[in-house]
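Chain residues, written in single-letter form:
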There are 4 protein chains.
Amino acid sequence: MLSWILALSCDDRPGIVAAVTGLLRDQGGNITEAQQFNDAHSDRFFMRVAFDIADGPAFRNAFTSLAESFTMDWHIRDADRPTRTLILVSKFDHCLVDLLYRTRMNELDIDIVGIISNHPRDAIRISNLHGAPFHHCPVTKETRADQEAAIRQIIDDSGAELIVLARYMQILSDGLARDLAGRCINIHHSFLPGFKGARPYHQAHRRGVKMIGATAHFVTPDLDEGPIIAQGVEAISHADTPDRLIAKGRSIEQRVLARAVKAYSEDRVFMNGQRTVVFD
Amino acid sequence: MLSWILALSCDDRPGIVAAVTGLLRDQGGNITEAQQFNDAHSDRFFMRVAFDIADGPAFRNAFTSLAESFTMDWHIRDADRPTRTLILVSKFDHCLVDLLYRTRMNELDIDIVGIISNHPRDAIRISNLHGAPFHHCPVTKETRADQEAAIRQIIDDSGAELIVLARYMQILSDGLARDLAGRCINIHHSFLPGFKGARPYHQAHRRGVKMIGATAHFVTPDLDEGPIIAQGVEAISHADTPDRLIAKGRSIEQRVLARAVKAYSEDRVFMNGQRTVVFD
Amino acid sequence: MLSWILALSCDDRPGIVAAVTGLLRDQGGNITEAQQFNDAHSDRFFMRVAFDIADGPAFRNAFTSLAESFTMDWHIRDADRPTRTLILVSKFDHCLVDLLYRTRMNELDIDIVGIISNHPRDAIRISNLHGAPFHHCPVTKETRADQEAAIRQIIDDSGAELIVLARYMQILSDGLARDLAGRCINIHHSFLPGFKGARPYHQAHRRGVKMIGATAHFVTPDLDEGPIIAQGVEAISHADTPDRLIAKGRSIEQRVLARAVKAYSEDRVFMNGQRTVVFD
Amino acid sequence: MLSWILALSCDDRPGIVAAVTGLLRDQGGNITEAQQFNDAHSDRFFMRVAFDIADGPAFRNAFTSLAESFTMDWHIRDADRPTRTLILVSKFDHCLVDLLYRTRMNELDIDIVGIISNHPRDAIRISNLHGAPFHHCPVTKETRADQEAAIRQIIDDSGAELIVLARYMQILSDGLARDLAGRCINIHHSFLPGFKGARPYHQAHRRGVKMIGATAHFVTPDLDEGPIIAQGVEAISHADTPDRLIAKGRSIEQRVLARAVKAYSEDRVFMNGQRTVVFD
């Protein structure tokens, strides 16, 4: 018996769960965890099922026609295969360090198939990339198109399923953002929608807020407006300088991004228009 | 179409979800929310389904034989009927005040069918009980059995489904605790298992902890050892006196107890041996 | 020996603490709690001292010339006299209820000298105002000036030191906001600067954030831009409807506003340009 | 002008702050941050002053006689000199990794003068110790005394001011614990006083708590009973297995230990009997 995960969404109507779980039973599957959500606002239905089954590919075949009859967005995958993940980074390496560490500790079940930076290898101070290939893709205003072509090539060659912007300080072109829709996660260093744009910790200091935060969201062509996956905050005080906010913020960013990557890699995250459904 | 909730637990085996949801579909039901959990430690399966159906009682009848074939603990109830709730209190009325207020604001969907105190009405400073009958059931070491008989009578007469010890400073007899198993919730003013027993805030102050908390749990004959439903904490500092801990603790107790009562009244809480399953 | 509190701010320069505490010692005072903060950005110095002294008024007199030599903003007050507080409210009474309750429990050391609403007494469902005079000050676009004159009169007559907008759904005129600068606290039902303006919980739902919050701030003519005193948040999920956000938000608002009122009433809050200093 | 920090405690009596700040002023010092606390329970006074002064050593000399007259525990140190820190670790390296990273990011102002493990270098998977000498001090029941002698030697040779047990899975002898009193910090992987002793996450799982935590405390001969410096928690659910608790716990442990080390290295932590005073 092997473990598999089925994730699907479709317009709501009676009988979806019965159809899915009935087929699973008929094919000899055993459900180990399942969650459903019906969004009354969009009338959209979301479901995630983890199950054990002897022959996963056979179930996938059997499921195809059922999925068609409900016009589902869906995928089924081997739960034991780590999600192939590509990480983009600039000079701040704290999120990269954290993702590498959690992966090594088996807390994140991802396979880091590559690391891309717009800066050379030695701009990142971390010494051990644990075997992940490093790609230097420098960029200027003039060479953006070429650089993104290089990134696309690396995505294709590595078979990356998930692309993580781990404090990557470049804005993706609309075209690339669109093409990566639903599988590219960014960490923004503010509690969105507050403090969009540049230098959010300085904005937060100037505004005198009493908590700072970070936001992991899907990348879309609308900068800082993509569907939010996870957020976290920490209390601050009048005595915190912008530099101390940046330092406190680093650990919030690490935590929040790791939470989003973990949820995504376990097929717990669904796009729902401008919003997300995240099954705990 | 009316709204109903089905909550069940049974030993795990393949086909439970398919059987339940298949029957629901065949009876014309539409699932609006569903959660399952399979506890690998106890090999026990838990499920909560909220659904719309034209004829709930008919479904209940149909469900009975299915439930027997899986040896389920289960109940089905009209989601629109508030849970009949009896509140026991001593002199501290902050949790009572909070439950009354949240009920009035429709945040808690409960029907407060009575309030019992071991002190007279005027020991509680709140002036408006919003129509809930008040029962004075005084108790001494000698009269405990009689007092508990009176409490049992009030439970029976009021049809209370849930009994809440909202800072009720008496210990229930083993017999009463056992008879109310799984439907009597207590709020303990510490982050259990730390600081069991009397005066937990003074214990916390003496130990010098940096956070205090509160714990809502099912009452069992083992004092302060019942299955935990909800917990909450707040940071404190060296400058907090025991009196300030008590004041801070009051709002933690209110929040945590309200969370537990809300979850219970929505059939989201299941006993699982010494532990609980709580569906968000 | 009686307890007093001295709160001061002035431009930073060497010798302030020595001068203040030297005078205190010479006058027979004993410091029980003291905090200082030097804001490197504004080069402004803030100090709060709680002390016991036999003759407080005599110390106040002695302090006057010292204060002048440092060009201080300052006040000294009897720590045992509750802060005279006026509460403005519209229809939502959860913050009012909470402030009344915490005052009754001696958690807030304030004297509620009046409650003003733009709605009649019976629009507020709470039955017991614990002796606080209720003033109905209705308002329309045309009568705003008259209504604010009535409010000013009540402030004067009651000797209110602190004015709390406890979900008061009217915008103060620039003139009144300016005149109450530094002693009028509002609770905004969002985690500012996100979701300014109307219906913030609906905005939050639409944006799909994963946490909601509340913000207590000083009222200024710039709507939702006043210096922030306290903030709080709570995690939410995709399953929370706007109505559930409003319900969750109520308890955040209560907590955050109570925290701000408590800090203010203990002279722990200082304006610092667009920001605040809040000594824990 | 250089930055210095003065930290002191003594029995409370009038005039301490005036004496200290008066001397500072007379010696040309300028206070940048100061905090005092008078513990009404122990009648003990605590003070931390950060100040700029041209000649720190001269002030230290002048302060000596003042300190004697108040029978103070005190020290004055150059604020720009990082605290010399020795880290002890066994096989779990997540806290070590985190301390190294935060030190490299200048978030912690410590100088890691050595790393001791009871396991060989390759038991720790981190590859880069950033120049900190590694000492392998193996231990068996029989060789404990010799091993601790080796540890003492390393402490002496390295001039370590702070000793951090960063998931060091050996219990110090009473003698060593006593000799390191007030400068040896341990991270315990539970929210003390709950779940003392071995395998706390398994205990937490069995008990069914809804939050787990970690505690940084001073080491004393009483195991898990030392004065607490910092604590942190995170919410968990019925679905969290012991392994997931261990993974979630790792990041709580990192955060809490880093917070304690940071506070200690900035002279913000004072022993106060079985408790601590920690100035934010």
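For clarity, every value in this text was computed on a predicted model and none was experimentally measured. (Residues numbered from 1 in each chain as written. Chains lettered and ligands numbered in written order. Predicted model: local features only at pLDDT ≥ 70, side-chain atom pairs only at ≥ 80, totals over all residues. Heavy atoms only, no water.)

**Concerning the overall build of chain A**
- Counting its secondary structure elements, chain A contains seven helices and 13 strands.
- In summary, chain A has a C-alpha radius of gyration of 20 Å against a globular reference of 19 Å for 280 residues, a match within 12%.
- Taken along its principal axes, the extent of the C-alpha atoms in chain A is 60 × 40 × 35 Å.
- Per-residue burial over chain A gives 61% buried out of 280 residues.
- Sequence-distant contacts in chain A: of pairs separated by 6 or more residues, those separated by 24 or more amount to 67%.
- Summing over all exposed atoms, chain A offers an accessible surface of approximately 10,700 Å²; the carbon and sulfur share of this is 50%.
- Positive and negative side-chain charges in chain A, numbering 32 and 36 respectively, have mean positions lying 8 Å apart. (Helix = DSSP H or I, 4+ residues; strand = E, 2+ residues; numbered from the N terminus. Rg over C-alpha atoms; globule rule 2.2 N^0.38 Å. Buried < 20%, exposed > 50% of the residue type's maximum accessible area, 1.4 Å probe, protein only. Contact = heavy atoms within 4.5 Å. Areas by Shrake-Rupley, 256 points an atom, 1.4 Å probe, with all protein chains shown as cover. Lys, Arg positive; Asp, Glu negative; His and termini not counted. Charge placed at Lys NZ, Arg CZ, Asp CG, Glu CD.)

**Describing the interface of chain B and chain D**
- Opposite the 33 residues of chain B that make contact, chain D presents 33 residues.
- With both chains or domains summed, chain B and chain D bury close to 2,800 Å², and 61% of this area falls on carbon and sulfur atoms.
- When the area that chain B buries against chain D is broken down by residue, the three leading residues are Arg207(B), His238(B) and Arg275(B), summing to 27%.
- Between the two partners, chain B and chain D, sit two salt bridges.
- Across the pair Arg207(D) and Glu225(B) runs a salt bridge whose closest N-O atoms are separated by 3.5 Å. (Buried area = accessible area lost by both parts, 1.4 Å probe. Salt bridge = Lys/Arg side-chain N within 4 Å of Asp/Glu carboxyl O.)

**Remarks on the interface of chain D and chain A**
- On the chain A side, the residues contacting the 17 residues of chain D number 17 residues.
- Between chain D and chain A lies a buried interface of about 1,700 Å² when both sides are counted; carbon and sulfur atoms form 43% of it.
- Looking at the side of chain D facing chain A, the largest losses of area belong to Tyr101(D), Arg104(D) and Arg125(D), adding up to 29% of the total buried there.
- Between the two partners, chain D and chain A, sit two salt bridges.
- For Glu107(D), the salt bridge is made with Arg250(A), and the minimal N-O distance between the two is 3.3 Å.
- Viewed at the interface, chain A and chain D are joined by six residue pairs in polar contact (both at pLDDT 80 or more).
- Put simply, the parts of the chain that give the side of chain D that touches chain A at least two residues each are helix 3 (94–104) and helix 7 (242–265) of chain D.
- In terms of residue class, the side of chain D that touches chain A is made up of five nonpolar, five polar and seven charged. (Polar contact = N/O pair within 3.5 Å; in protein donor to acceptor, adjacent residues only side chain to side chain. Nonpolar A, V, L, I, M, F, W, Y, C, P; charged D, E, K, R; others polar.)

**Quick look at the sheet that holds strand 9 (residues 184–188) of chain D**
Residues and elements named next belong to chain D.
- The strand order across the open sheet formed by seven strands is 7-6-5-8-9-10-11, and the pairing between neighbours is mixed. Because the sheet does not close on itself, it has two edges, and the strands there are strand 7 (134–136) and strand 11 (228–235). Within this sheet the neighbouring strands show an average axis-to-axis angle of 20°, counted without direction.
- The strands touched by helix 3 within the sheet are strand 5 (83–89), strand 6 (110–117), strand 8 (162–165) and strand 9, with strand 6 carrying the most contacts at an inclination of about 160°. (Pairing = 2+ DSSP bridges. Axes fitted to C-alpha atoms, helices over the stretch in contact; angles between N-to-C directions.)

**As for the UniProt feature "domain: ACT" (unreviewed entry) in chain A**
- What UniProt calls "domain: ACT" (unreviewed entry) maps, in this numbering, to residues 5–81 of chain A.
- For residues 5–81 of chain A, helix accounts for 32% and strand for 43%, while the C-alpha atoms at its two ends are 11 Å apart. (UniProt positions renumbered as here; feature names shortened; annotations may be inferred.)

**Side note on helix 1 (residues 16–26) of chain D**
- Where burial is concerned, most of helix 1 of chain D is hidden: nine out of the 11 residues are buried.
- Among the residues of helix 1 of chain D, those classed as buried are Ile16(D), Val17(D), Ala18(D), Ala19(D), Val20(D), Thr21(D), Gly22(D), Leu23(D) and Leu24(D).
- At its buried positions, helix 1 of chain D is contacted by helix 1 (16–26) and strand 2 (30–39) of chain C together with strand 1 (2–11), strand 2 (30–39), strand 3 (44–53) and helix 2 (56–69) of chain D.

**Regarding the relation of the copies chain D and chain A**
- Between chain D and chain A, which share one sequence, the superposing operator has a rotation angle of 180° and an axial displacement of 0.0 Å; the RMSD is 0.0 Å. Look at the turn and shift together and you get a two-fold axis relating the two.
- With an isologous cut-off of 70% or more, the 100% of interface residues of chain D that recur at the interface of chain A puts this contact in the isologous class. (Least-squares fit on C-alpha atoms with pLDDT ≥ 70 in both.)

**Here we look at the relation of the copies chain B and chain D**
- Here chain B sits on chain D after a turn of 180° about the axis and a move of 0.0 Å along it, with an RMSD of 0.0 Å.
- Mapped onto chain D, 100% of the interface residues of chain B again fall at the interface, so both copies present the same surface.

**Some points on the packing of aromatic side chains**
- In total, this model carries 30 aromatic pairs over all chains according to the counting rule given.
- On the numbers, 5.7 Å between centres and 40° between planes, the contact of Phe59(A) with Phe63(A) is tilted. Of this pair, Phe59(A) and Phe63(A) are both found in helix 2 (residues 56–69), four residues apart, which corresponds to roughly one turn of the helix. Neither residue differs from the other here; Phe59(A) and Phe63(A) are each classed as buried.
- On the numbers, 5.6 Å between centres and 75° between planes, the contact of Phe270(D) with Phe279(D) is edge-to-face.
- Looking at Phe270(D), the relative accessible area reads 8%, which means it is buried.
- For Phe279(D), a relative accessible area of 4% gives the class buried. (Phe/Tyr/Trp six-rings, centres within 6.5 Å; stacked < 30°, edge-to-face > 60°.)

**A few points about helix 4 (residues 144–158) of chain B**
All names here are of chain B.
- Under the 1.5 Å per step criterion, the end-to-end length of helix 4 is 21 Å for 15 residues, consistent within 8% with the ideal 21 Å.
- Every buried residue of helix 4 is listed here: Gln147, Glu148, Ile151, Ile154, Ile155 and Ser158. Summarising the axial view, the buried residues of helix 4 lie within an arc of 115°, below the 170-degree limit, and thus occupy one face. The outward face of helix 4, more than 90 degrees from its buried face, is lined by the exposed residues Ala145, Asp146, Asp156 and Asp157.
- On its buried face, helix 4 is in contact with strand 5 (83–89), strand 6 (110–117), strand 7 (134–136), strand 8 (162–165) and helix 5 (174–179).
- One or two residues past the end of helix 4 sits glycine 159, with phi positive at roughly 65°. (Expected span 1.5 Å × (residues − 1). Arc of directions from axis to C-beta.)

**With respect to the packing of helix 1 (residues 16–26) of chain A against helix 2 of chain A**
Residue and element names in this part refer to chain A.
- In the contact formed by helix 1 and helix 2, the axes pass within 11 Å of each other and the chain directions differ by 150°. By the angle between their axes, helix 1 is roughly antiparallel relative to helix 2. The handedness of the crossing between helix 1 and helix 2 comes out as right-handed. Along its contact with helix 1, which presents Ala19, Val20, Leu23 and Leu24, the element helix 2 presents Phe59, Ala62, Phe63 and Leu66.
- Residue classes in the contact of helix 1 with helix 2 are distributed as eight nonpolar, no polar and no charged. (Parallel < 35°, antiparallel > 145°, perpendicular 65-115°, else oblique. Left-handed = near helix turned anticlockwise from the far one by under 90°.)

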